[in-house]
Amino acid sequence: MSIRTLKKLRRISGKRVLVRVDFNVPLKDGALADNSRLRASLPTIQYLIQKKAKIILVSHLGRPEGKVVPDLRLAPVSEALARLLNHPVKQLADWQGEEVKKEIEQMNDGEIVMLENIRFSPDEQRNDSPLAHALASLADLFVLDGFAVAHRPDASVSQVAGYIPTVAGFLLEKEIIGLGKLLQKPKKPFVAVIGGAKMETKIPVIEALLPKVDSILLGGGIVNTVLKGLGYGVGSSLFDPEQTNVAAVYAKKEKIILPIDVVVGKKDGTGSRVVSIGKTPSTICENDEAILDIGPASTELFSSIIKKAKTVVWNGAMGYFEQKPYEKSTYAIANAIANQGKKAFVVAGGGETVEAIEAIGRAKDFDLVSTGGGAMLEFLSGKKLSGVEAVLEK
Ligand code: ADP
Ligand code: MG
């Protein structure tokens, strides 16, 4: 897989460069609750400043569904970006029209403007080609950097490349190369750790990884779906009622390793206890209790398998880690994978997964912490991502 990259682009100076970032950050009281998505695209933006390009940023924020939603204007994002860059970022009031064109014509080399939330346009998620053409006509070059949006068939992601020369920014390049390594000749043993809440979203990735990996360690709420499918009593545990049959089949696959014990209790953290999972289906917890974490013996077992791995990929929390005492296994597994980072190629991704890794300060010990949740899962499932296709050398 050969990628057209920003580094390979010559003569950027003075060019108008449209950059599709994913600055879809969580907002709280009108301010950013987390700026990691901004930080992830800083290398690309800083490089373009240094090369004296005229930088036109385009992003979406939230789900305005094709209408102008004042609370989803990008102004707080451009302010936060300006602070991070220590460089002015001019927020434009629109993404199209004469005013925008005039602003862009007047730009000096090294200046940055941010178009308004592109999902205010009903055409963005309709993947409309005239919108992509209008965006492309604002610039000479297109840099796609937001990996977290690369799986979206949206106009600003998938169609601009049809009109102007297009390359991957440093973030997108890093993601494609890092995740690509997992699929192309990964060093063995290759271990996948899959957790999280929604079984349905994990099935395609489990299916795609099965032939490539030596083992898949299952944790999180998806284990409850497996246990339910096998006939265990799971009380008020979170599970996916439509996937219990599919999930139960996984228990019989040799490569899939299930927990041998779980932590059950109340959602508020009270009444927690460890329950071993017997070979024959039984009641694991009562109706007013739920399975909220994998247990200490499972954590030991998973960690010992991770310790022998040469390649590890992790997506999905092992338990309801937002509530003590159900954080233990997620943090322990995060530490085990991070420790293995010295000897193995280790990758993790997914919104909550990354939160857990950052909570214990271990992001730096991973070879790649993917900014993509859905995009990472689709990539690992072997699907074609429109934002990746756009930067591949044909
Ligand atoms: P990611 O965003 O990392 O891909 P998911 O979105 O799949 O992960 O799921 C993460 C969420 O799953 C976490 O917020 C975690 O609290 C929840 N979770 C994991 N295990 C359980 C469980 N046993 N019961 C309830 N919630 C769980
Ligand atoms: Mg999530």
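It should be noted that the structure appears before, not after, this text.
Our subject in this report is the structure included herewith.

Definitions and limits used
Per chain, the residues get numbers from 1 upward, laid out in the order the sequence is written. Written order determines the labels here, with chains lettered from A and ligands numbered from 1. In view of the model being predicted, local features appear only for residues whose pLDDT reaches at least 70, and side-chain atom pairs are presented and counted only at 80 or more, with totals across whole chains, interfaces and linings using the full set of residues. Hydrogens and waters are ignored; side-chain quantities use all the structure's heavy atoms. Put simply, a residue is near a molecule or strand once any heavy atom of it comes within 4 Å of that molecule or strand. The term polar contact refers here to a pair of N or O atoms within 3.5 Å; inside protein, the definition further demands a hydrogen-donor-capable atom paired with an acceptor-capable atom, and it admits residues adjacent in sequence only when both atoms are side-chain atoms. The helix and strand labels rest on DSSP assignments: H or I over at least four residues marks a helix, E over at least two residues marks a strand, and numbering proceeds from the N terminus. Throughout, the ten residues Ala, Val, Leu, Ile, Met, Phe, Trp, Tyr, Cys and Pro are labelled nonpolar, Asp, Glu, Lys and Arg are labelled charged, and all others, Gly among them, are labelled polar. Here, strands pair whenever DSSP counts at least two bridges between them. Axes here mean lines fitted to C-alpha atoms, for a helix over just the part in contact, with angles spanning 0 to 180 degrees between N-to-C directions. Whether two residues are in contact is decided by their heavy atoms: any pair within 4.5 Å suffices. We count a salt bridge whenever a side-chain nitrogen from Lys or Arg sits within 4 Å of a carboxyl oxygen from Asp or Glu. Type-normalised accessible area, obtained with a 1.4 Å probe on protein chains alone, sets the label of each residue: buried when under 20%, exposed when over 50%, and partly exposed for intermediate values.

1. Brief notes about the site of ligand 1
Now for step 1: As a structural note, the neighbourhood of ligand 1 is formed by 20 residues, with Lys 202, Gly 221, Glu 322, Glu 352 and Thr 353 the closest of them.
Now for step 2: At 2.5 Å from an oxygen atom of ligand 1 is found a side-chain nitrogen or oxygen belonging to Glu 322.
Now for step 3: Within the backbone of Gly 351, a nitrogen or oxygen atom sits 3.2 Å from an oxygen atom of ligand 1.
Now for step 4: Looking at the shell around ligand 1, the elements with two or more residues in it are helix 9 (221–230), strand 16 (290–294) and helix 13 (351–359).
Now for step 5: Looking at which element gives the most residues to the shell around ligand 1, the answer is helix 13, with three residues.
Now for step 6: Residue composition of the shell around ligand 1, by class: seven nonpolar, 10 polar and three charged.

2. Some details on the sheet that holds strand 14 (residues 273–276)
Now for step 1: Spatially, three strands are ordered 14-13-16 in an open sheet, and the strand pairing comes out antiparallel. Single-partner strands in this sheet number two, and they are strand 14 and strand 16. This sheet shows a mean twist of 45° between the axes of neighbouring strands, independent of strand direction.
Now for step 2: For strand 13 (residues 261–265) and strand 16, the ladder comprises four bridges, and the chain directions are antiparallel. Across the sheet, Val 262 pairs through a bridge with Ile 294, a residue of strand 16.
Now for step 3: Of the strands in this sheet, strand 13, strand 14 and strand 16 touch helix 11 (residues 296–306), which is tilted by about 35° from strand 16.

3. Quick look at the pattern of salt bridges
Now for step 1: This model, assessed by the stated rule, comprises 15 salt bridges.
Now for step 2: A salt bridge links Asp 123 to Arg 126; the shortest N-O distance between them is 2.9 Å.
Now for step 3: Classification of Asp 123 as partly exposed rests on a relative accessible area of 23%.
Now for step 4: Linking Lys 266 and Asp 288 is a salt bridge whose minimum nitrogen-to-oxygen distance equals 3.9 Å. Taken together, the residues Lys 266 in the loop between strand 13 and strand 14 and Asp 288 in the loop between strand 15 (283–285) and strand 16 connect sequence positions 22 residues apart.

Interpretation in functional terms is not warranted from these geometric data alone.
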